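# Structural overview for review
So the chains spell out like this:
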Amino acid sequence: MKHDGKTKTTLLLFPLIGYCLLMSLIASSDSSLEYDYYRESCPQALHVIRSTLRRIYDRNSTVAPAILRLVFHDCFVQGCDASVLLDRTVFMGSEKDTLPNQSLRGFDHIDFIKSELENVCPGVVSCADLLVVAARESVVLAGGPYYPVHTGRKDSDHSYPEISYELPSPLDDLPTTISRFASRGFTEKETVTLLGAHSTGMIHCKFFERRLYKFGGTDKPDPSMDPEFAELLRSVCNNNQTQSHSTSPSASPSASPSSSTSSSSNTGEERSMKMDYEGKGSGFGILYYRGLLQGKGILFVDQQLLAGEETATWVRQYASDVSMFHKDFAQVMMKLSSAKVLTGVSGEVRSNCREASSSLW
């Protein structure tokens, strides 16, 4: 196709316009955050986070979904303040110990990245910024979109274990899911988009095994699940008796990772299924939404997206247009990362992400 000079100029402007829209979205979320906040105090910060995470990922690719899940569990509770990283003390409970967070992983990786930052710029980069930037890099490593991240967040000196129970659960029906996300300012479309993070990671059988057998008080599996896919999941989770059927686990838009590199993990107490069970080449977002249309959603909360008219519409849109999903996912991750943050004199900068610096505990 032949383009004149004006057409070429217009085509070149599209990426620039898209980038500017993304930047303006961040700016409108919290004006106290800045682009390249550490440009003077620690100009190496982003490079240290990116390069260190890449080294970890080259040895263990499960770090990407683990950190993506960590950032969601942090930001959804009380804003992106790194409160999920705090250990329990004699004075304060920990979000880590709550039922929705018991399968979180990646804390040791965050500790290692933080130690590398402290070696270069001690007491400068917050754990909240570290986690948000590392999540963006994890999305990229998993095959998802790059998106700009403003920085300048401060760390909370409190943990909020009681609020952790407001996190979405893998057992939620659609109205409950929509309500939980709406309580944090997310639309139905944005809910569908954020759940697309289930494109990567490992899901432990305890989060979906109820769908495979006596679902809803019947003697049959979940009728919304493809029968052959249900049989595949049963074969993965067969003889897994480590979790009581009375347990009510809670998960989030990023799967709990396992160290297995096969399509499933059948060793030890935590049998699990890879979300990208057709392989990494299936693409971030493609398998997830197409799988839902085929009745192959692993989690009940995911398959329920087809139970509503608006949510089902967006599932179909994303299943047919991965570029649209990547654009929308970038925008909603920026919204998640920028809401209710601590900045300026609010909060602190921890030297150890597990311990609050300016409190009695």
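Residues numbered from 1 in each chain as written. Predicted model: local features only at pLDDT ≥ 70, side-chain atom pairs only at ≥ 80, totals over all residues. Heavy atoms only, no water.

As annotated in an unreviewed UniProt entry, the chain is Peroxidase from Tagetes erecta. Annotation of the chain in UniProt includes, under Catalytic activity (unreviewed entry), the sentence "2 a phenolic donor + H2O2 = 2 a phenolic radical donor + 2 H2O". For the chain, the Sequence similarities (unreviewed entry) comment in UniProt is given as "Belongs to the peroxidase family. Classical plant (class III) peroxidase subfamily." (UniProt positions renumbered as here; feature names shortened; annotations may be inferred.)

## Notes on the side chain of E190
Here E190 lies in helix α7 (residues 188-195). A polar atom in the side chain of E190 sits 2.9 Å from the backbone nitrogen of T187. (Helix = DSSP H or I, 4+ residues; strand = E, 2+ residues; numbered from the N terminus. Polar contact = N/O pair within 3.5 Å; in protein donor to acceptor, adjacent residues only side chain to side chain.)

## Regarding unusual backbone geometry
With the exception of glycine, the majority of residues adopt a negative phi angle, and the majority of peptide bonds are in the trans configuration. Although it is not a glycine, A82 adopts a positive phi angle of roughly 65°. The residue A82 is located in the loop between α3 (63-78) and α4 (107-120) in this model. The backbone of K340 shows a phi angle near 55°, a positive value even though the residue is not glycine. For K340, the location among the structural elements is in the segment after α12 (322-338).

## Let's talk about the UniProt feature "active site" (unreviewed entry) in the chain
The residues that UniProt annotates with the feature "active site" (unreviewed entry) are H73. Within the secondary structure, H73 is located in helix α3. Here H73 falls in the buried class, since its relative accessible area comes to 0%. (Buried < 20%, exposed > 50% of the residue type's maximum accessible area, 1.4 Å probe, protein only.)

## Things to note about the packing of aromatic side chains
If you walk through the whole model with that rule in mind, you get 14 aromatic pairs. Each ring, one from F215 and one from F300, has its centre 5.6 Å from the other, and the planes form 50°; the classification is tilted. You can see F215 sitting in the loop between β1 (202-204) and α8 (227-237) and its partner F300 sitting in helix α10 (residues 300-303), a full 85 residues away along the chain. The exposure class assigned to F300 is buried, which follows from its relative accessible area of 14%. When the centroid spacing of 5.1 Å and the interplanar angle of 70° are considered together, the rings of Y289 and F325 count as edge-to-face. Here the residue Y289 occupies a position in helix α9 (residues 286-293), and F325 occupies one in helix α12, the gap between them amounting to 36 residues. Both residues of the pair, Y289 and F325, belong to the buried class. Through a chain of ring-to-ring contacts, the aromatic side chains of F284, Y288, Y289, W314, Y318, F325 and F329 assemble into a single cluster. Looking at K96, its charged tip hangs above the ring of F107, at a distance of 4.4 Å from the centre. (Phe/Tyr/Trp six-rings, centres within 6.5 Å; stacked < 30°, edge-to-face > 60°. Lys NZ or Arg CZ within 6 Å of the ring centre and 35° of its normal.)

## Focus: helix α6 (residues 174-182)
The α-helix winds at 3.6 residues per turn, so residues separated by three or four positions along the chain end up facing the same way. Residues of α6 that are buried include every one of L174, T177 and F181, and no others. Around the axis of α6, the buried residues are gathered within 60° of arc, so they sit on the same side. Lining the buried residues of α6 we find α3, α7, α10 and α11 (309-320). (Arc of directions from axis to C-beta. Contact = heavy atoms within 4.5 Å.)

## What to know about the pattern of salt bridges
When their charged atoms lie close together, side chains carrying opposite charge are able to pair. This structure, assessed with the given rule, holds 19 salt bridges. Between E231 and R234 there is a salt bridge; the shortest N-O distance is 2.9 Å. In this pair, E231 and R234 both sit in helix α8, 3 residues apart, roughly one turn of the helix. By relative accessible area, which is 44% here, E231 ends up partly exposed. Connected through salt bridges with shared partners, the residues D87, K96, D111 and R354 form a single ionic network. (Salt bridge = Lys/Arg side-chain N within 4 Å of Asp/Glu carboxyl O.)

## Structural notes on the state of the cysteines
Tallied over the entire structure, the rule returns 4 disulfides. Across the disulfide from C42 sits C121; the S-S distance is 2.1 Å. Between C42 and C121 the disulfide shows an S-S torsion of about 85°. By sign, it is right-handed. Here the residue C42 occupies a position in the loop between α1 (5-29) and α2 (45-59), and C121 occupies one in the loop between α4 and α5 (127-141), the gap between them amounting to 79 residues. A sulfur-sulfur separation of 1.9 Å characterises the disulfide bridge that pairs C75 with C80. Its S-S torsion of about 115° marks the bond between C75 and C80 as right-handed, since a negative value means left-handed. Of the two residues, C75 and C80, neither departs from the other in class, the shared state being buried. Counting its disulfide-bonded cysteines in sequence order, the chain shows a connectivity of 1-4, 2-3, 5-8, 6-7. (Disulfide = S-S within 2.5 Å.)

## Some details on the environment of D172
The topology assignment puts D172 in the loop between α5 and α6. D172 gets classed as buried once you look at its relative accessible area, which sits at 7%. Between the C-alpha atoms of D172 and L299, which are 127 residues apart in sequence, the distance is 9.5 Å. Apart from the residues lying within four places of it in its own chain, the contact partners of D172 are T177, R180, F300, V301 and Q304. Engagement of the side chain of D172 in a polar contact is seen with the side chain of R180, the distance being 2.7 Å.

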